[in-house]
Amino acid sequence: MTNDIPPEIFDRRRRSAIWDRSATRRSGDNFLWQYMADELQDRLAMVSRDFADILFIGPIAGFCRQILSGRQASSVVKAHVSAAACSGTETTIEEDRLPFAPDSFDLIISAGTLDSVNDLPGALVQLRRTLRPDGLLLATLFGGGSLRALKASMMRADGDMVHAHIHPQIDLRSGADLMSRAGFALPVADQDRLDVRYRDWRTLVRDLRDSGIGNALAGARSYLGREYPARLDVAWMQLAEADGKVTESFNFLQLSGWAPSPDQPKPAPRGSGSVSLSAVLKPSRK
């Protein structure tokens with residue numbers, strides 16, 4: 001007998017505690033969430049249709065007015081992954097255990113949380129079912145290739161005993177495939193990058209904690225030893241440039257897709273184009 005239940009890669013309690021800490025003990029300026037909000041605002045501005053019922057998932061709900069930018073909606077629901085972030089009528093959810101009925105929303109916007117969901121394929125299917133026909137999902141994830149400098153420094157500091165400090169992240173190809181497998185029509189996946197300069201890895205870690213980015217992997221934590229921070233200092237400075245700072249990268253995976261509807265435009269059949277891509281990209285000769 002086969003077991004179809006996906007493994008619990010992430011500890012749900014640990015994940016919730018990380019988000020609770022971000023909501024109650026933030027000390028920075030939340031620039032990563034501001035970046036995601038700016039991108040989502042720009043992407044939604046390119047959609048001309050109106051949306052009556054809208055769902056925001058995660059801390060990005062705090063930027064709902066900016067993202068909607070004057071759009072009028074019948075209802076805007078804010079759902080958080082942290083109980084500490086909820087107030088009033090807002091609700092706490094887990095993305096792979098959505099409490100909403102099918103066909104509840106015209107637009108769902110999720111940012112910064114789906115990369116640490118245990119059942120991401122299942123979560124995307126649930127999001128698609130929660131949308132009405134021709135409803136839109138806009139999602140942003142911390143994507144593959146993020147935090148290269150911190151990962152490299154930690155691997156050097158670990159020495160011969162490498163530990164899992166940061167969970168694996170989803171790359172562009174996997175994101176596009178997941179959207180198609182979840183049944184979205186006209187799925188789009190692309191990626192953008194934000195580079196930030198840090199003199200000290202401790203400031204970077206503080207920014208990550210403020211943003212709710214932490215190690216929520218299931219399993220016991222290994223003791224790294226009292227000398228670990230000093231080893232990490234040395235490893236970090238080995239990556240520093242002439243000004244003493246290290247460039248850290250945040251890659252944002254942008255996903256969008258529509259709930260299927262009979263009156264949607266259909267993509268052209270493969271091979272039906274009259275102009276080849278190579279011809280378009282080939283420089284003209286004069």
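Residues numbered from 1 in each chain as written. Predicted model: local features only at pLDDT ≥ 70, side-chain atom pairs only at ≥ 80, totals over all residues. Heavy atoms only, no water.

Asker: Give a detailed account of the sheet that holds strand β3 (residues 91-92), specifying residues and quantitative values.
Answerer: Strand pairs in the sheet, formed through backbone hydrogen bonds, run parallel or antiparallel to each other. Strand order across the open sheet formed by seven strands is β3-β2-β1-β4-β5-β7-β6, with mixed pairing between neighbours. Of all strands in the sheet, those with a lone pairing partner are β3 and β6 (185-198), marking the two edges. Note: strand β4 (residues 105-111) against strand β5 (residues 131-142), six bridges, orientation parallel. What sits directly across from Leu 107, in β5, is Leu 136. Across the sheet, helix α4 (residues 120-130) lies against β1 (53-57), β4 and β5, angled at about 145 degrees from β5, the strand it touches most. (Pairing = 2+ DSSP bridges. Helix = DSSP H or I, 4+ residues; strand = E, 2+ residues; numbered from the N terminus. Contact = heavy atoms within 4.5 Å. Axes fitted to C-alpha atoms, helices over the stretch in contact; angles between N-to-C directions.)

Asker: A description of the packing of aromatic side chains should follow, citing residues and the corresponding values.
Answerer: Per the counting criterion, the structure on display carries five aromatic pairs. Taking the centre distance of 6.1 Å and the plane angle of 65 degrees together, the rings of Trp 19 and Trp 33 count as edge-to-face. Of this pair, Trp 19 sits in helix α1 (residues 12-24) while Trp 33 sits in helix α2 (residues 31-45), and the two are 14 residues apart along the sequence. Relative accessible area serves as the criterion here: at 0%, Trp 33 is assigned to the buried category. Ring centres of Phe 142 and Phe 252 lie 5.4 Å apart, and the angle between their planes is 45 degrees; this geometry places the pair in the tilted category. Residue Phe 142 is found in strand β5, and its partner Phe 252 is found in strand β7 (residues 246-258); the two are separated by 110 residues along the sequence. (Phe/Tyr/Trp six-rings, centres within 6.5 Å; stacked < 30°, edge-to-face > 60°. Buried < 20%, exposed > 50% of the residue type's maximum accessible area, 1.4 Å probe, protein only.)

Asker: Quick rundown of the pattern of salt bridges? Include the residues and the values.
Answerer: For the coordinates displayed, the defined rule picks out 18 salt bridges. Note that Arg 12 and Glu 8 form a salt bridge whose closest N and O atoms lie 2.8 Å from each other. A cluster of three or more residues bridged by salt bridges with shared partners is formed by Glu 8, Arg 12, Glu 94, Asp 96 and Arg 97. (Salt bridge = Lys/Arg side-chain N within 4 Å of Asp/Glu carboxyl O.)

Asker: Talk me through the side chain of Ser 146; I want residue IDs and the actual numbers.
Answerer: Summarising the element assignment, Ser 146 is placed in the loop between β5 and α5 (148-158). Given a relative accessible area of 2%, Ser 146 falls into the buried group. A distance of 2.8 Å separates a polar atom in the side chain of Ser 146 from the backbone oxygen of Gly 143. (Polar contact = N/O pair within 3.5 Å; in protein donor to acceptor, adjacent residues only side chain to side chain.)

Asker: Provide a residue-level description of the packing of α4 against helix α6 (residues 172-181), including the pertinent values.
Answerer: Contact geometry for α4 and α6: axes closest at 9 Å, N-to-C directions at 50 degrees. Comparing the axis directions of α4 and α6 gives the class oblique. The two elements α4 and α6 meet at a crossing, and its hand is right-handed. In this structure, α4 contributes Leu 120, Pro 121 and Leu 124 to the contact, and α6 contributes Leu 178, Met 179 and Arg 181. (Parallel < 35°, antiparallel > 145°, perpendicular 65-115°, else oblique. Left-handed = near helix turned anticlockwise from the far one by under 90°.)

Asker: Summarise the nonpolar core; cite the residues concerned and give the values.
Answerer: Nonpolar side chains tend toward joint burial in soluble globular proteins. Counting residues in hydrophobic clusters, the biggest one holds 45 residues, and the most contacted among them are Phe 56, Ile 60, Ile 67, Ile 109 and Phe 250. Of all the elements, α2 adds the most residues to this core, at seven residues. Core analysis: the second largest hydrophobic core is formed by 27 residues, Ile 93, Val 125, Ile 170 and Met 179 among them. (Core = buried A, V, L, I, M, F, W, Y, C linked by side-chain atoms within 4.5 Å.)

Asker: Can you explain unusual backbone geometry? Please cite residues and give values.
Answerer: Of note, the phi angle at Ser 69 is positive, near 50 degrees, even though the residue is not glycine. Tracing the backbone shows Ser 69 in the loop between α3 (64-68) and β2 (75-80). For Ser 69, a relative accessible area of 48% corresponds to the partly exposed category. Even without glycine at this site, Asp 134 takes up a positive phi of about 70 degrees.

Asker: Provide a residue-level description of the environment of Ser 74, including the pertinent values.
Answerer: Here Ser 74 lies in the loop between α3 and β2. We classify Ser 74 as exposed; its relative accessible area is 64%. Separated by 22 residues in the primary sequence, Ser 74 and Ala 52 place their C-alpha atoms 5.0 Å from one another. Residues in contact with Ser 74, not counting those within four places in the same chain, are Ala 52 and Asp 53.

Asker: Kindly report on the pairing of β1, identifying the contributing residues and their values.
Answerer: Among the five residues in β1, five count as buried, and that is most of the element. The side-chain alternation of β1 yields two buried faces, one formed by Asp 53, Leu 55 and Ile 57 and the other by Ile 54 and Phe 56. The pairing of β1 with β2 spans five bridges and is parallel. Among the inter-strand pairings, Ile 57 is bridged to a residue of β2, identified as Ala 79. Across four bridges, β1 lies against β4 in parallel orientation. Across the sheet, the residue bridging to Ile 57 is Ser 110, located in β4.

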